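# Remarks on the overall topology
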Amino acid sequence: EEDKFMHRSVNYSGDVKGKEANGWYQWAKTNKKCMCVEEYWMCSRIRVNQPTPILPNDVLAPVNRNAVMIGNNTCISRVFSERIG
């Protein structure tokens, strides 16, 4: 609860259904795992995409399910204020 998110985007790919993705969001919100500065409709974005294509000679292992979360939270301002201020 200390560092709240201004925006977060969770991208799923592969064998993930929209209901599963929404279930994660509801769990995280209920358990206060990633809180927003203000809870409004643009704070979170959930995307469910097609499986990632496997390229020849790829160094990454193929997976059936994948999740990536990108967030911009308020701790960034704290880090800069400690280092600059």
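Overview of the structure. (Residues numbered from 1 in each chain as written. Predicted model: local features only at pLDDT ≥ 70, side-chain atom pairs only at ≥ 80, totals over all residues. Heavy atoms only, no water.)

## Here's the deal with the overall build of the protein
Helix and strand counts for the protein stand at two helices and three strands. Overall, the protein shows an N-to-C arrangement of helices and strands of β-α-β-β-α. Relative to all contacts within the protein whose residues are 6 or more apart in sequence, the contacts with residues 24 or more apart total 85%. Here the protein displays about 6800 Å² of accessible surface, and carbon together with sulfur accounts for 55% of that area. (Helix = DSSP H or I, 4+ residues; strand = E, 2+ residues; numbered from the N terminus. Contact = heavy atoms within 4.5 Å. Areas by Shrake-Rupley, 256 points an atom, 1.4 Å probe, with all protein chains shown as cover.)

## What to know about the environment of Trp24
Counting through the fold element by element, Trp24 comes out in helix H1 (residues 18-30). For Trp24, a relative accessible area of 26% puts it in the partly exposed group. In this structure, the C-alpha to C-alpha distance between Trp24 and Val10, residues 14 residues apart in sequence, is 9.9 Å. (Buried < 20%, exposed > 50% of the residue type's maximum accessible area, 1.4 Å probe, protein only.)

## A closer look at the pattern of salt bridges
For the coordinates displayed, the defined rule picks out one salt bridge. Linking Glu20 and Arg65 is a salt bridge whose minimum nitrogen-to-oxygen distance equals 2.8 Å. Taken together, the positions of Glu20 in helix H1 and Arg65 in strand E3 (residues 65-73) put the pair 45 residues apart, joining distant regions of the chain. A residue is classified by how much of its surface remains accessible, and Glu20, at 39% relative accessible area, is partly exposed. We classify Arg65 as partly exposed; its relative accessible area is 44%. (Salt bridge = Lys/Arg side-chain N within 4 Å of Asp/Glu carboxyl O.)

## Let's talk about the layout of surface pockets
By volume, the largest pocket is sized at about 220 Å³. As for the largest pocket, its lining consists of 14 residues, and the residues nearest its centre are Thr52, Pro53, Ala61, Pro62 and Val63. Counting residues per element, the ones that place at least two in the lining of the largest pocket are strand E1 (5-14) and E3. Among the residues forming the lining of the largest pocket, the class breakdown is seven nonpolar, five polar and two charged. (1 Å grid on protein atoms, 1.4 Å probe; cavity = no way out; pocket = protein on both sides within 12 Å on 5 of 7 lines; lining within 4 Å. Points joined across faces, edges and corners; volume = space filled by probe spheres on them. Nonpolar A, V, L, I, M, F, W, Y, C, P; charged D, E, K, R; others polar.)

## Structural notes on the side chain of Ser9
Of note, Ser9 is situated in strand E1. Aside from chain neighbours lying at most four places away, what touches Ser9 is Arg45, Val68, Met69 and Ile70.

## Comments concerning the pairing of E1
In terms of residue burial, E1 counts as a mostly covered element, since seven of its ten residues are buried. By the bridge criterion, six bridges tie E1 to strand E2 (residues 44-49) in an arrangement that is parallel. Pairing of Ser9 across the sheet is with Arg45, part of E2. (Pairing = 2+ DSSP bridges.)

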